[in-house]
Amino acid sequence: MSETATGSTEPAPPRPSSTSGATIQLEDLSKSYPGSPSPAVDGVSMDIKAGETVILVGPSGCGKSTTLKMINRLIEPTSGRIRINDEDVTDMDPVKLRRKIGYAIQSSGLFPHMTVAENIALVPKMTGWSKSGVKDRVEEMLDLVGLDPREFHGRYPRQLSGGQQQRVGVARALAADPPVLLMDEPFGAVDPITRDHLQDELIRLQHELHKTIVFVTHDFDEAIKLGDRIAVLRERSHIAQFDTPEAILTNPTDDFVSGFVGAGAALKRLNLTRVRDVGIADFPTVTVEDPLQSIFNKLRDGQHNELLMLDRRNRPYKWLRRGDLMRAKGSLARAGQLVHDTVTRDATLHDALEAVLTDSGGRVAVTGRRGEFIGVVDMHTLMNSVQELLEADRLAAMEHRHDLEELRVHRTEQELEGGGSGL
Amino acid sequence: MNFWEYVGTRHQQLLTDTYQHASAVFQCMVIATLLGVLIGVVSYRSSWGGSLAITSTSAILTIPSLAAIGLLIPLVGLGVPPTVIILTLYGLLPVVRNCIVGLRGVDPSLVDAAKGIGMSRMRRLLKVELPLAWPPILTGIRVSTQMLMGIAAIAAYASGPGLGNEIFGGLASLGSANAINKVLAGTIGIVILALLFDAAYVLLGRLTIPRGIRV
Ligand SMILES: Nc1ncnc2c1ncn2[C@@H]1O[C@H](COP(=O)(O)OP(=O)(O)OP(=O)(O)O)[C@@H](O)[C@H]1O
Ligand SMILES: [Mg+2]
């Protein structure tokens, strides 16, 4: 498998061909299945901004998929309206509508009798792209989702791993460059490690493409990781809370939401911040090529208790403490402790904390793209940052509430005035 | 005269009969396939439509073919017409049934995906559902063909073409010199034809079942 390493989310230059997101408005959307007494979705209203990733999360059977499928009218709403980019699409020809909306599902939905390339080419072909245009697009899309076009082009879906199938599924959904992408538990059926990679890839993709994504999951951690905003749904798709991950973690509106957030909201908060956002401290270093004597001197002159030794390519290699050299009788090869864990600047604080906790010295080396040393993060920094984060979240939430109240007051005043001048 | 001598002297007639037998079965099979798939496609979505199609085609099968031919003769006369009608009708059932089962067996999430990416009803059917249902349909065609090989022999009763003439001729003159040889030649000819057709279907399967779903 060609999964790339976690956290490699460097934004590539934006593609000129790419259409960015559209707004989506759901207005009082309901669905009653024939024969069932209560509606499966009961009056959802939702404003989704262009280029935003919105996650629908909630317990099984609460109507997430039904809500999602009403957006591309795979399920026809019983009542309510759907607007995309302010255009009412509730009565539009569904086939035409769907060609402008990417759709990716849990089982990947790849057609087993078509090759990877044929699967990806489907929508561009249907929308009348030229033959060479389609061909180029297929290569471009495979590239985009991190699969080597030459290797995967002619394969059949069953010759791919689950993770690769999902990538192709996403490539197919994006092939005709739709402004909107709907995803129904797309990573629900792959193992946790692959899921993690796929999520990172989606974040990277979205960084480049700025589509409007509506993503269904019942995994709250996935929601936190991917969402710009999260809609926590209770039964019949009633919105319990629709807000940023930070706000939901620090200020769940009620017991249902906090129950869904689960234990450890503060810990989950760590997933929302990256190492690059906290203080990365300097650390004294030496390299393996330094003469032994100078290393000795550095350790002995009293300023540092510990040094980090880097290898020839500036990558963290060994932690050296005062006395280590002594005990090893002056042999560098035997002295010190090998660095066994590093994090990148894109790693989450959660990963960093994990690394710090398992490190005997309580710190972890931060590395750049090619593994070169940048600095260290330690327990102390992490604790301070987390406390600051939580405090800031709390303040923001209070301010937000305050703003809302003010707005309400303002509106009421305006209405009163409006009523007066109308006479 | 032993069997081989019989075949040697009558090979011209035997070849003609074999050819006509094969040709009748083949042509009727083509009609049965087209009709059967059409019936399947029209009826697989509704539960009663599907059952109606399957029950009515299997009702045809319960009528002994000899009786059916006998009943047809007053209506359409002797020769080719009753043969074609009987073969086509009997050939329908396995095709219709396997077509319905095959189309219903297509993974609903794939149909959902096909809809979701904006395929029209027709395109979905032609590009996704039928190709995925093709292996069971082909099996149905194969089973039908085997069955028609035998039924086609009955056509001789209505003065139809084919190897049935040998068999019926033999049976009618039991006790005469070549009676057994005639029956034997007709029967063996049918068995050989059946084997050849089967081989052809294996080849057809190789050529038409997409590589991605070949087992
Ligand atoms: N085709 C259908 N006919 C009748 N009822 C349905 C149909 N599809 C879904 N439902 C019902 O509608 C409700 C919402 O279903 P939906 O599939 O939207 O849930 P979900 O939130 O996606 O659940 P999950 O997380 O398990 O996928 C459920 O109670 C389900 O039983
Ligand atoms: Mg669902």
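Residues numbered from 1 in each chain as written. Chains lettered and ligands numbered in written order. Predicted model: local features only at pLDDT ≥ 70, side-chain atom pairs only at ≥ 80, totals over all residues. Heavy atoms only, no water.

So the rule is basically this: UniProt positions are given in the numbering used here, feature names are shortened, and annotations may be inferred rather than shown by experiment.
Looking at an unreviewed UniProt entry, chain B carries the name ABC transporter permease, with the source organism given as Streptomyces mutomycini. Taken verbatim from the UniProt record of chain B, the Sequence similarities (unreviewed entry) comment is "Belongs to the binding-protein-dependent transport system permease family."

Looking at an unreviewed UniProt entry, one finds chain A named ABC transporter ATP-binding protein and attributed to Streptomyces mutomycini. Here chain A is described in UniProt, under the heading Sequence similarities (unreviewed entry), as follows: "Belongs to the ABC transporter superfamily."

## Section: the interface of chain B and chain A
For the record, the criterion: Working rule for contacts: check all heavy atoms of both residues, and any pair within 4.5 Å makes them a contact. Summed over both partners, the accessible area lost on bringing two parts together, with a 1.4 Å probe, is the buried area. Any carboxyl oxygen of Asp or Glu within 4 Å of a side-chain nitrogen of Lys or Arg constitutes a salt bridge here. Nitrogen and oxygen atoms within 3.5 Å of one another constitute a polar contact, given that in protein one can donate a hydrogen and the other can accept it, and given that sequence-neighbouring residues count only through two side-chain atoms. Elements are defined by DSSP. Helices are runs of H or I of four residues or more, strands are runs of E of two residues or more, and each kind is numbered from the N terminus. Each residue is assigned to one of three groups, with Ala, Val, Leu, Ile, Met, Phe, Trp, Tyr, Cys and Pro labelled nonpolar, Asp, Glu, Lys and Arg labelled charged, and all others, Gly among them, labelled polar.
Contacts between the two partners involve 21 residues from chain B, matched on the other side by 22 residues from chain A. In total, about 1,900 Å² of surface goes out of reach between chain B and chain A, with carbon and sulfur atoms giving 63% of it. The tally of links between chain B and chain A comes to one salt bridge. Two residues, B:Asp112 and A:Lys69, come together in a salt bridge whose shortest N-O distance is 3.6 Å. At the boundary of chain B and chain A, one finds seven residue pairs in polar contact (both at pLDDT 80 or more). Counting residues per element, the side of chain B that touches chain A draws most heavily on helix H5 (residues 108-116) of chain B, at seven residues. In terms of residue class, the side of chain B that touches chain A is built from ten nonpolar, five polar and six charged.

## Quick notes on the UniProt feature "domain: ABC transmembrane type-1" (unreviewed entry) in chain B
UniProt records the feature "domain: ABC transmembrane type-1" (unreviewed entry) at residues 18-201 of chain B, using the numbering of this structure. Along residues 18-201 of chain B one finds 84% helix and 0% strand; the C-alpha atoms at either end are 19 Å apart.

## Considerations on helix H14 (residues 349-358) of chain A
How we decide: Under the scheme applied here, a residue whose accessible area is under 20% of the maximum for its type counts as buried, over 50% as exposed, and between as partly exposed, the area being computed with a 1.4 Å probe on protein chains only. For this quantity, the arc is that covered by the directions from the helix axis to the C-beta atoms.
What H14(A) keeps buried is the set A:Leu349, A:Ala352, A:Leu353, A:Ala355 and A:Val356. The buried residues of H14(A) all sit within an arc of 165 degrees when viewed along its axis, so they share a single face.

## Details of the environment of A:Lys64
Residues and elements named next belong to chain A. With respect to the helices and strands, Lys64 occurs in helix H1 (residues 64-71). As a C-alpha pair, Lys64 and Ala231 span 167 residues in sequence and 10.0 Å in three-dimensional space. Contact partners of Lys64, with chain neighbours within four places excluded, come to Leu56, Val57, Gly58, Pro59, Val216, Thr217, His218 and Leu233. A polar atom in the side chain of Lys64 sits 3.0 Å from the backbone oxygen of Gly58.

## Observations regarding the site of ligand 1
Residue and element names in this part refer to chain A. Test applied: Near is defined per residue: the residue qualifies when any heavy atom it owns lies within 4 Å of the molecule or strand.
Contacts to ligand 1 come from Tyr33, Ala40, Ser60, Gly61, Cys62, Gly63, Lys64, Ser65, Thr66, Glu185 and His218. With respect to ligand 1, the side chain of Ser60 contributes an N or O atom lying 2.5 Å from an oxygen atom. For the shell around ligand 1, the residue count by class is three nonpolar, six polar and two charged.

## A look at the packing of aromatic side chains
All names here are of chain A. How we decide: Two rings belonging to Phe, Tyr or Trp (six-membered ring only in the last case) form a pair when the distance between their centres is within 6.5 Å. Interplanar angles under 30 degrees mark stacking, angles over 60 mark edge-to-face geometry, and anything in between is tilted. Comment: the charge-over-ring label is applied if NZ (Lys) or CZ (Arg) is within 6 Å of the ring centre and within 35 degrees of the ring normal.
For the coordinates displayed, the defined rule picks out five aromatic pairs over all chains. Here the aromatic residues Phe220, Phe256 and Phe260 are joined through ring pairs into a cluster of three or more. The ring of Phe111 carries Arg172 above its face, with NZ or CZ at 4.8 Å from the centroid. Lying across the ring of Trp319, Arg363 places its NZ or CZ 3.7 Å from the centre.

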